[in-house]
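Take a look at the letters that make up each chain.
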Amino acid sequence: MCFSLRSYYNAFLQNSLFIFIISSLLDHPEARIIVVGTCNFYQGSWVIDNSYPIYDSSKCPFIGEGFDCQGNGRPDNSYLKYKWSPSGCEIPRFDGQDFLKRYVGKSIMFVGDSISHNQWRSFSCMLHAAVPNMRYTKSTQRGRIKYLNFTDYRVSLVYIRNVFLVDLVVENTERILKIDTISSGDAWKNADVTIFNTWHWWLHTGKLQPWDKIQEGNMWYKDLDRMVAFEKGLTTWSKWVDRNINHQNAQVYYLGIPPVHYRGNEWGSPGQKTTCRNQTTPIAGSIYPGGQIPGQPVVQKVLNEMTSPVYFLDVTLLSQLRKDGHPGIYGNKAHKGLDCSHWCNAGVPDTWNHLFYASISLPRK
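None of these values were measured; they are calculated from a predicted model. (Residues numbered from 1 in each chain as written. Predicted model: local features only at pLDDT ≥ 70, side-chain atom pairs only at ≥ 80, totals over all residues. Heavy atoms only, no water.)

S.K.: Please give an account of the pattern of salt bridges that cites residues and values.
M.R.: One pass over the full model with this rule turns up 13 salt bridges. For D76, the salt bridge goes to R74, with nearest N and O atoms at 2.8 Å. Each member of the pair, D76 as well as R74, carries the same accessibility label: buried. Close ionic contact of R226 with D223 constitutes a salt bridge, the shortest N to O distance being 3.0 Å. For D223, a relative accessible area of 35% translates into the label partly exposed. Through salt bridges that share partners, E231, K301 and E305 make up one connected network. (Salt bridge = Lys/Arg side-chain N within 4 Å of Asp/Glu carboxyl O. Buried < 20%, exposed > 50% of the residue type's maximum accessible area, 1.4 Å probe, protein only.)

S.K.: Describe the packing of aromatic side chains, with residues and values.
M.R.: According to the stated counting rule, one finds 22 aromatic pairs in the structure shown. An angle of 65 degrees between the planes, with centres 5.3 Å apart, marks the rings of F196 and W237 as edge-to-face. Of this pair, F196 sits in strand β11 (residues 193-196) while W237 sits in helix α5 (residues 226-244); the two residues are 41 residues apart in sequence, bridging distant segments of the chain. Under the relative-accessibility criterion, W237 is labelled buried at 0%. Ring centres of W343 and W352 lie 6.2 Å apart, and the angle between their planes is 75 degrees; on these two criteria the pair is classed as edge-to-face. The class of W352 is buried, set by a relative accessible area of 0%. Members of the aromatic cluster, connected to one another through ring pairs, are F94, F99, Y103, F110, F123, Y253, Y311, F356 and Y357. It is K213 that lies over the ring of W220; its NZ or CZ is 5.2 Å from the centre. Above the face of the W46 ring, R322 is positioned so that its terminal group lies 4.6 Å from the ring centre. (Phe/Tyr/Trp six-rings, centres within 6.5 Å; stacked < 30°, edge-to-face > 60°. Helix = DSSP H or I, 4+ residues; strand = E, 2+ residues; numbered from the N terminus. Lys NZ or Arg CZ within 6 Å of the ring centre and 35° of its normal.)

S.K.: Quick one: what's the story with the environment of R93, residue by residue and with numbers?
M.R.: Mapped onto the fold, R93 is located in the loop between β4 (82-86) and α3 (96-102). The sequence separation of R93 and S361 amounts to 268 residues, and the corresponding C-alpha distance is 9.9 Å. When residues no more than four places from it in sequence are discounted, the contact partners of R93 are S51, H354 and Y357. (Contact = heavy atoms within 4.5 Å.)

S.K.: With reference to specific residues and values, describe the sheet that holds strand β9 (residues 167-171).
M.R.: The four strands are arranged β9-β10-β12-β13 in an open sheet whose pairing can be described as mixed. Since the sheet does not close on itself, it has two edges, and those belong to β9 and β13 (219-221), each with one partner. Here the average twist between neighbouring strands, direction ignored, is 30 degrees. Alignment of strand β12 (residues 213-216) against β13, held across three bridges, turns out to be antiparallel. Looking at β13, one finds that I214 is bridged to Y221. (Pairing = 2+ DSSP bridges. Axes fitted to C-alpha atoms, helices over the stretch in contact; angles between N-to-C directions.)

S.K.: Mind laying out unusual backbone geometry, listing which residues take part and the relevant values?
M.R.: In this structure, P53 follows Y52 across a cis peptide bond, with omega equal to 5 degrees. Mapping P53 onto the fold places it in the loop between β3 (44-48) and β4. N345 connects to A346 through a cis peptide bond whose omega is 5 degrees. With respect to the helices and strands, the residue A346 is situated in the loop between α7 (316-320) and α8 (348-361). The phi dihedral of N172 is positive, around 55 degrees, even though this residue is not glycine. Within the fold, N172 resides in the loop between β9 and β10 (174-178). With a phi close to 60 degrees, H335 is a non-glycine residue in the positive phi region. Within the secondary structure, H335 is located in the loop between α7 and α8.

S.K.: For the sheet that holds strand β6 (residues 136-141), give the residues involved together with the corresponding values.
M.R.: A sheet is described by the order of its strands in space; here seven strands give the open sequence β6-β7-β8-β5-β11-β14-β15, paired in mixed fashion. Two strands bound the open sheet, and with one partner strand each, they are β6 and β15 (311-313). Averaged over all neighbouring strand pairs, the angle between strand axes comes to 15 degrees, with direction disregarded. As paired strands, β6 and strand β7 (residues 145-150) are joined by six bridges and run antiparallel to one another. Within the sheet, the bridge partner assigned to Y136 lies in β7 and is F150. The sheet strands contacting α5 are β11 and β14 (251-255), and the helix crosses β14 at an angle near 165 degrees.

Following this line, the structure appears as structure tokens:
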């Protein structure tokens, strides 16, 4: 059954008093998730929708090789036809032109690791597809900050690479992860909307570990339990947001932990060597057999303790169900390597952005 956006507004208004009461009593991330009646946008399953994908990756000038699975030769395309369907309701259809009109003269910033880059490129393509002839300019600063300006609407999309959100510095040739300081946050203060993310780099070990020492105040560690380090770093970020963001003028989002799919036994596939490679369909249903990611309770705890409003894009479960959504060997034209961490564009990140749009298109208390 299809519903107009007006229908969503009416349904939402009917339940607004209920939502207001619940939100005032509960101070946890779930209370910041928009619901229609008893519907949670983050609980549901993937269904075929032949009107998908939202955009054609071959027509998007911002796609980037690393996420362009079709352009890199991925032979199947059924993964593009899946739509996230919440249990008991539907998400308002994405309307990129409506978003651009709402945010005339505003800046939308994505801060985090390459997953944020994945999301930034997805959103760029979604808006471009909505208004294909829209003029734009783009630039890169120091290789870590990407700017895309849709000049007709004066809407800026900015990606800032900052994999830990806290400081990673080099002192006397040593790489030091300072889990209690943020020195690069001034750039974040200028955005009208900021979507933060950090996770994957906290788990890297061996040659991929990007630090030699961890520092907290006057304490030095060769290493820390990774969940302890992650919680300390994320808490530093949360306190920075509480102190520095003017929430009268700016909105802050946190993107939940996107999963990887390197171990097929997590979703019940036989054989220890099963990965995302050659996966062409999502996991059926609404439950991921592999269970929760260890960092999820940490995110919940830290967001729960914040004093400022942060909207939680809780995309972990819906992404866990998409073992078919990664580039695999199609993260480059040479088909070298195996990428079960990032996501094809078009694909799963479009749903993250669709849910972001839903959060601003429906009225909220």
